[in-house]
Amino acid sequence: MEIKNDNDIRLWFRIKSIDKKIKKLGKIGSNNFDWLTWEDLNDESANLFSQLSFMREITKTLKNKYD
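Residues numbered from 1 in each chain as written. Predicted model: local features only at pLDDT ≥ 70, side-chain atom pairs only at ≥ 80, totals over all residues. Heavy atoms only, no water.

The next thing to look at is the overall build of the chain. Helices and strands together make up the secondary structure of the chain, namely three helices and zero strands. Reading the chain from its N end, one meets helices and strands in the order α-α-α. Over its C-alpha trace the chain gives a radius of gyration of 15 Å, far above what one expects of a compact globule, namely 11 Å for 67 residues. Reported as C-alpha extents along the three principal axes, the dimensions of the chain are approximately 50 × 30 × 15 Å. Within the chain, contacts between residues separated by at least 24 positions form 54% of all contacts whose residues are at least 6 apart in sequence. (Helix = DSSP H or I, 4+ residues; strand = E, 2+ residues; numbered from the N terminus. Rg over C-alpha atoms; globule rule 2.2 N^0.38 Å. Contact = heavy atoms within 4.5 Å.)

All right, on to the environment of Ile18 then. Within the secondary structure, Ile18 is located in helix 1 (residues 6-24). When its relative accessible area of 3% is taken as the criterion, Ile18 is described as buried. In this structure the C-alpha to C-alpha distance between Ile18 and Trp38, which are 20 residues apart in sequence, comes to 9.9 Å. Apart from residues no more than four positions distant in its own chain, Ile18 is found in contact with Leu41, Glu44, Ser45 and Leu48. (Buried < 20%, exposed > 50% of the residue type's maximum accessible area, 1.4 Å probe, protein only.)

And the structure:
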């Protein structure tokens, strides 16, 4: 992954913070595992990941190709 600007750095740290929260939930399927929290955190992480500049470039390229 390529970090190109300050916004990417900010997003990357937020993604890493969410990853730590996911790891704190424990093993998937364990007794006290909270599926709803896990799903919310994964959705948030994916949303932030899609905002990274390299993902925006990929999206723009694909859009231009198929428009």
